[in-house]
Amino acid sequence: MVKYCGSLDSTFGALADPTRRAILSTLMLGQASISELARPHRMSLPAVLKHVRVLEQAGLVSQSKNGRTRFCQLAAEPLKQAEDWISRYRAFWEGTFDALERFLAEQKAKEDQKWPRRNRSRESRSN
């Protein structure tokens, strides 16, 4: 039976949206207010706040409040878990591509042996 990791599912779900990925990119530079996060996206503050809540539920962002201003910080642990999961598949695909590369090189070598190239320069032709 396949075992699912809920936190990994919520991480990938949160990362599925390009606006949320852009918000995370901004937060890589340091903490930012909701207003600062909204500015490049031409969105209302409530719309950005919804995106931030999804990121927060996935554990990718934490919020703090200073007066009336909400600040967000990046929480990298869920990204590390996603990277660890992806790295297992990276090893598989790299091995598969290496095997494909060897196979194609062998096929090319066989074709080259079958059909030797002729010298087709004009000097070698006799009229």
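Given the structure is predicted, the values throughout are model-derived calculations rather than measurements.

Asks: Tell me about the overall build of the protein chain, and please be specific about residues and values.
Replies: Secondary structure assignment for the protein chain yields 5 helices and 3 strands. For the protein chain, the proportion of its 127 residues judged to be buried stands at 20%. Long-range contacts, defined here as pairs at least 24 residues apart, represent 49% of the contacts in the protein chain between residues at least 6 apart. Of the roughly 10200 Å² of accessible surface on the protein chain, 54% is carried by carbon and sulfur atoms.

Asks: Quick rundown of the packing of helix α1 (residues 6–15) against helix α5 (residues 77–114)? Include the residues and the values.
Replies: Across the interface, α1 lies against α5 with an axial gap of 10 Å and an inter-helix angle of 100°. The angle between α1 and α5 places the two elements in the roughly perpendicular class. Residue-level contacts link Ser7, Leu8, Thr11, Phe12 and Leu15 of α1 to Pro78, Leu79, Gln81, Ala82, Trp85 and Ile86 of α5. In terms of residue class, the contact of α1 with α5 is built from 8 nonpolar, 3 polar and no charged.

Asks: Talk me through the sheet that holds strand β1 (residues 32–33); I want residue IDs and the actual numbers.
Replies: An order of β1-β3-β2 is seen for the 3 strands of this open sheet, with the pairing classed as antiparallel. The open sheet has two edge strands with one neighbour each: β1 and β2 (61–66). Strand direction decides the pairing type here: β2 and strand β3 (residues 69–74), joined by 6 bridges, are antiparallel. Each residue of the ladder has a partner; that of Ser64, found in β3, is Phe71. Seen against the sheet, helix α2 (residues 18–28) touches β1, β2 and β3 and runs at an angle of roughly 85° to β3. Helix α4 (residues 45–57) rests against β2 and β3 of the sheet, and its axis sits at about 125° to β2.

Asks: So, the pairing of β3: which residues are in play, and what are the values?
Replies: As paired strands, β1 and β3 are joined by 2 bridges and run antiparallel to one another. Residue pairing in the sheet places Ser33 in a bridge with Phe71 of β3. Here β2 folds back onto β3 in antiparallel fashion, the turn holding 2 residues, of which Gly67 has a positive phi close to 70°.

Asks: Tell me what's going on with the confidence of the model for the protein chain, and back it up with residues and numbers.
Replies: Detailed conclusions should not be drawn from predicted coordinates in areas where pLDDT is low. Scored by pLDDT, the protein chain comes out at a mean of 86, with 87% of its residues at no less than 70. Of all the helices and strands in the protein chain, α5 carries the lowest mean pLDDT, 86, while α2 carries the highest, 96.

Asks: Let's hear about the nonpolar core: which residues, and what values?
Replies: Ranked by size, the top nonpolar core spans 17 residues in total, and within it Leu37, Leu60 and Val61 carry the most contacts. For this core, the secondary-structure elements that each account for two or more residues are α1, α2, α3 (34–38) and α4. For this core, the element with the highest residue contribution is α4, accounting for 4 residues.

Asks: Describe in detail the packing of aromatic side chains, supporting the description with residues and values.
Replies: Tallying each qualifying case throughout the model produces 4 aromatic pairs. With 5.8 Å between their ring centres and 35° between their planes, Trp93 and Phe97 make a pair best called tilted. With Trp93 and Phe97 both in helix α5, this residue pair falls 4 residues apart, about one helical turn. Ring-pair connections join several aromatic residues into one group, and the members of that group are Phe12, Trp85 and Tyr89.

Asks: So what about the pattern of salt bridges? Which residues, and what values?
Replies: In total, this model carries 2 salt bridges according to the counting rule given. Note that Asp112 and Lys108 form a salt bridge whose closest N and O atoms lie 3.2 Å from each other. Within this pair, Asp112 and its partner Lys108 are both found in helix α5, separated by 4 residues, close to a single helical turn.

About the thresholds
- Residues numbered from 1 in each chain as written.
- Predicted model: local features only at pLDDT ≥ 70, side-chain atom pairs only at ≥ 80, totals over all residues.
- Heavy atoms only, no water.
- Helix = DSSP H or I, 4+ residues; strand = E, 2+ residues; numbered from the N terminus.
- Buried < 20%, exposed > 50% of the residue type's maximum accessible area, 1.4 Å probe, protein only.
- Contact = heavy atoms within 4.5 Å.
- Areas by Shrake-Rupley, 256 points an atom, 1.4 Å probe, with all protein chains shown as cover.
- Axes fitted to C-alpha atoms, helices over the stretch in contact; angles between N-to-C directions.
- Parallel < 35°, antiparallel > 145°, perpendicular 65-115°, else oblique.
- Nonpolar A, V, L, I, M, F, W, Y, C, P; charged D, E, K, R; others polar.
- Pairing = 2+ DSSP bridges.
- pLDDT = per-residue confidence, 0-100.
- Core = buried A, V, L, I, M, F, W, Y, C linked by side-chain atoms within 4.5 Å.
- Phe/Tyr/Trp six-rings, centres within 6.5 Å; stacked < 30°, edge-to-face > 60°.
- Salt bridge = Lys/Arg side-chain N within 4 Å of Asp/Glu carboxyl O.

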